[in-house]
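What follows is the residue order along each chain.
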Amino acid sequence: MSEHGHLEARIDSLRTEIAGSKGKVRSDLLEHLEQAAMGLENAGGTVPAWVKEMLEAMHEDEAEDGFDNMPL
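As the structure is a prediction and not an experimental result, all values here were calculated from the model. (Residues numbered from 1 in each chain as written. Predicted model: local features only at pLDDT ≥ 70, side-chain atom pairs only at ≥ 80, totals over all residues. Heavy atoms only, no water.)

Draft legend 1. Spatial organisation of the overall build of the protein chain. Looking only at helices and strands, the protein chain has 3 helices and 0 strands in total. Secondary structure elements in the protein chain, listed N-terminal to C-terminal, are α-α-α. Per-residue burial for the protein chain yields a buried fraction of 25% across its 72 residues. With the model as given, the accessible surface of the protein chain reaches about 5200 Å², and the carbon-plus-sulfur share is 52%. (Helix = DSSP H or I, 4+ residues; strand = E, 2+ residues; numbered from the N terminus. Buried < 20%, exposed > 50% of the residue type's maximum accessible area, 1.4 Å probe, protein only. Areas by Shrake-Rupley, 256 points an atom, 1.4 Å probe, with all protein chains shown as cover.)

Draft legend 2. Region of interest: the side chain of Ser21. Mapped onto the elements of the fold, Ser21 is located in the loop between α1 (3-19) and α2 (23-42). Looking at Ser21, its side chain comes within polar contact range of the main-chain oxygen of Ile18, at 2.9 Å. (Polar contact = N/O pair within 3.5 Å; in protein donor to acceptor, adjacent residues only side chain to side chain.)

Draft legend 3. Examining α2 more closely. With 20 residues, α2 should reach 28 Å at 1.5 Å per residue; the first-to-last C-alpha distance of 29 Å fits that figure. Positioned one or two residues after α2, Gly44 has a phi angle of 95 degrees, which is positive. (Expected span 1.5 Å × (residues − 1).)

Draft legend 4. Spotlight on the environment of Ser21. Residue Ser21 is classed as buried on the basis of its relative accessible area of 10%. The residues contacting Ser21, other than those within four sequence positions of it, are Arg26 and Leu29. Among the polar contacts listed, one links the side chain of Ser21 to the backbone oxygen of Glu17, at a separation of 3.4 Å. (Contact = heavy atoms within 4.5 Å.)

Draft legend 5. View of the layout of surface pockets. Considered as a void within the structure, the largest pocket measures approximately 190 Å³ in volume. If you go around the largest pocket, you meet 10 residues; those closest to its centre are Ser27, Leu30, Met58, Asp61 and Glu62. Breaking the lining of the largest pocket down by element, the ones donating at least two residues are α2 and α3 (49-68). Top element by residues in the lining of the largest pocket is α3. It accounts for 6 residues. Partitioned by chemical class, the residues of the lining of the largest pocket number 4 nonpolar, 1 polar and 5 charged. (1 Å grid on protein atoms, 1.4 Å probe; cavity = no way out; pocket = protein on both sides within 12 Å on 5 of 7 lines; lining within 4 Å. Points joined across faces, edges and corners; volume = space filled by probe spheres on them. Nonpolar A, V, L, I, M, F, W, Y, C, P; charged D, E, K, R; others polar.)

Draft legend 6. A look at the pattern of salt bridges. Per the counting criterion, the structure on display carries 2 salt bridges. For Glu17, the salt bridge goes to Arg10, with nearest N and O atoms at 3.4 Å. In this structure Glu17 comes out as partly exposed when scored by relative accessible area, which is 35%. Between Lys24 and Asp28 there is a salt bridge whose closest N-O contact spans 2.8 Å. With Lys24 and Asp28 both in helix α2, this residue pair falls 4 residues apart, about one helical turn. Assessed through its relative accessible area of 29%, Asp28 is described here as partly exposed. (Salt bridge = Lys/Arg side-chain N within 4 Å of Asp/Glu carboxyl O.)

Structure follows, in structure tokens:
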């Protein structure tokens with residue numbers, strides 16, 4: 001299996017795992033997804049649109065959490 005194929009399979013596996021997860025486990029899996037997506041992109045592969053959308057939502061949630069903790 002090529003490096004692209006291995007990363008694509010890992011990304012698909014993570015999609016299933018993320019769908020059934022919550023809390024800290026979900027956060028950890030999203031971090032793994034981000035690493036796999038960067039690896040795929042760096043290897044010249046194409047990152048699926050659903051991955052980009054999921055990671056963008058993760059970063060938006062992180063930014064919102066940062067604002068929630070700011071004093072008024």
